[in-house]
Amino acid sequence: MNSASNPSSQPPAAAALAGLKVVEMGQLIAGPFCGKTLGEFGADVVKIEAPVSGDPLRNWRLLQDGTSVWWQVQSRNKRSVAIDLRATEGQELARRLIAEADVLIENFRPGTLEGWGLGWDELREINPGLVMLRISGYGQTGPYRDLPGFGAIGEAMGGLRHLTGEPGRVPVRVGVSIGDTLAALHGTIGVLLALYHRKAHGGPGQVIDVALHEAVFNVMESLLPEYSAFGAVREAAGSALPGIAPSNAYRCADGYVLVAGNGDSIFRRLMEVVERPDLATAPDLQSNAGRVARVDELDAAIGAWTLPRTIDEVLRLLGAARVPAGRVYTAKDIHEDPHYRARDMILRQTTRDGHEVDVPGIVPKLSGTPGSVRSSAPRLGDDTDAVLREAGLTSEQISLLRSKGAIA
């Protein structure tokens, strides 16, 4: 095994989730992102994958020696066990692993696990303390329960897609699978809440039911109360921030810069920098409501100032005035940025095949029990034998299961 390095200068500390046993039965993004997060803080994450094919994410986007480099991020710190959950023997193996687990993560369509005899009612009988995270498109209940749902659909139903893009044009995606990741983060919160309840209050295990569209809806800020109170339907606004001004992207001589001058004192400093003291001192512009009423005028004034200047010049002048501003980063910008490096947000990781690849660091940063990358992402079935031996199987039993095709 090639372990990734942890460049932190701090001495090793006990992991926050050391000793926590997690079985991950999800695939692609939502469930596995939760497993990734728990694993980064010390949990022992055993990932069950289908023999032969494995998690489809292994083959998504750009591949290196046949394996996605995305896989190196999503599956670090995990152990891969190749089990056929459609086989009776595979289902029994899953029960043995889950019986000793603290957490089970799954993101199959509702009813799938029940069809394999691995539903909540069956599992809590063998493990009363189990915390079971279930992520799906529409949740485990409700009229849409059985519909197929991916993150993109959750983003649309949750209200996000209607707000992305330019006014009057086709809604666009954020550019990453934000719906899946939001569901995963909500799921992680749910797991930690359930574990705390179990430990602090002696409570039993429980199910965390996360629907993709609800995770998106939960971060939609004032979308619903504005409609409820005023009948206002929020619309797409491009790079602007409706109802909060000025905050937008402005063209420079060599690209775009984002400027957030919407705090009252920040606004006055911004107007001084853009050489519009008349706007800085205008009585009606001293509060957000007045600035929103004149947002087009303010955007025009800022844009006229940024247009002949380079991004670097604009950022230098606004930084000196303590006005929040930033460039639109590309992957290249991130990779070369000293601040990312200083905060250990770019880690060099060695894959199991011996390649060196840079991957994102760990968030959040804990002072006493920081996360770490202890092992690189596994090849399919790398840990099948070791995990099954830990579960009490003999070498002969493992060989027999392999001959039957129940494991790989």
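Everything quoted here is computed from the prediction, not taken from an experiment. (Residues numbered from 1 in each chain as written. Predicted model: local features only at pLDDT ≥ 70, side-chain atom pairs only at ≥ 80, totals over all residues. Heavy atoms only, no water.)

## Notes on the side chain of glutamate 49
Okay, step 1: Positionally, glutamate 49 belongs in strand β2 (residues 44-49).
Okay, step 2: For glutamate 49, a relative accessible area of 3% corresponds to the buried category.
Okay, step 3: Reaching out from glutamate 49, the side chain makes a polar contact with the side chain of serine 80 at a distance of 2.7 Å.
Okay, step 4: In contact with glutamate 49, other than residues within four places in its own chain, are Gly54, Asp55, Arg58, Trp71, Ser80, Val81, Ala82, Ile83 and Leu380. (Helix = DSSP H or I, 4+ residues; strand = E, 2+ residues; numbered from the N terminus. Buried < 20%, exposed > 50% of the residue type's maximum accessible area, 1.4 Å probe, protein only. Polar contact = N/O pair within 3.5 Å; in protein donor to acceptor, adjacent residues only side chain to side chain. Contact = heavy atoms within 4.5 Å.)

## Regarding the sheet that holds strand β6 (residues 103-106)
Okay, step 1: Spatially, the six strands line up as an open sheet ordered β5-β2-β1-β6-β7-β8, and their pairing is parallel. In this open sheet, the two edge strands, each paired with only one partner strand, are β5 (78-82) and β8 (206-211). Across this sheet, the average inter-strand angle for adjacent strands is 20°, counted without regard to direction.
Okay, step 2: Pairing between β6 and strand β7 (residues 131-136): four bridges, direction parallel. Opposite isoleucine 105, over in β7, you have leucine 133 as the bridge partner.
Okay, step 3: Against the sheet, helix α1 (residues 30-40) engages β1 (21-24), β2, β5, β6 and β7, with an angle of about 160° to β1. (Pairing = 2+ DSSP bridges. Axes fitted to C-alpha atoms, helices over the stretch in contact; angles between N-to-C directions.)

## Some points on unusual backbone geometry
Okay, step 1: The omega angle of the peptide bond from alanine 245 to proline 246 is -10°, so this bond is cis rather than trans.
Okay, step 2: The omega angle of the peptide bond from valine 363 to proline 364 is 0°, so this bond is cis rather than trans.
Okay, step 3: Within the secondary structure layout, proline 364 lies in the loop between β13 (356-360) and α17 (384-390).
Okay, step 4: Even without a glycine there, the phi angle at glutamate 221 is positive, about 55°.
Okay, step 5: A relative accessible area of 66% means that glutamate 221 is categorised as exposed.
Okay, step 6: A positive phi is found at arginine 322, a non-glycine position, where the angle reads about 60°.
Okay, step 7: Along the polypeptide, arginine 322 turns up in the loop between α14 (311-320) and β11 (325-327).

## Digging into empty space enclosed by the protein
Okay, step 1: Here the structure, examined in full by the defined rule, presents one cavity of 30 Å³ or more.
Okay, step 2: As for the largest cavity, its lining consists of Gln64, Thr67, Ser68, Val69, Gln72, Thr351, Asp353 and His355.
Okay, step 3: Of all the secondary-structure elements, those providing two or more residues to the lining of the largest cavity are β4 (67-68) and α2 (69-74).
Okay, step 4: Looking at the lining of the largest cavity, its residues break down into one nonpolar, six polar and one charged. (1 Å grid on protein atoms, 1.4 Å probe; cavity = no way out; pocket = protein on both sides within 12 Å on 5 of 7 lines; lining within 4 Å. Points joined across faces, edges and corners; volume = space filled by probe spheres on them. Nonpolar A, V, L, I, M, F, W, Y, C, P; charged D, E, K, R; others polar.)

## Comments concerning the packing of helix α10 (residues 264-273) against helix α13 (residues 295-306)
Okay, step 1: One way to put it is that α10 packs onto α13 with a least axis distance of 10 Å and a crossing angle of 45°. Relative to α13, the element α10 is oriented oblique. Crossing hand, α10 versus α13: left-handed. Taking contact as the criterion, the partners of Phe267, Leu270, Met271 and Val273 in α10 are, on α13, Leu298, Ile302 and Trp305.
Okay, step 2: Residue classes in the contact of α10 with α13 are distributed as seven nonpolar, no polar and no charged. (Parallel < 35°, antiparallel > 145°, perpendicular 65-115°, else oblique. Left-handed = near helix turned anticlockwise from the far one by under 90°.)

## Thoughts on the layout of surface pockets
Okay, step 1: One number sums up the size of the largest pocket: a volume of about 1700 Å³.
Okay, step 2: Counting only elements with at least two residues in the lining of the largest pocket, the list comes to α1, α2, α7 (178-201), α15 (331-336) and β13.
Okay, step 3: In terms of residue count, the dominant contributor to the lining of the largest pocket is α7 (six residues).
Okay, step 4: Of the residues assigned to the lining of the largest pocket, the class counts are 28 nonpolar, eight polar and six charged.
Okay, step 5: Within this model, the second largest pocket holds a volume of roughly 600 Å³.
Okay, step 6: Along its surface, the second largest pocket is lined by 26 residues, and Leu163, Arg234, Gly238, Ala240 and Leu241 are the ones closest to its centre.

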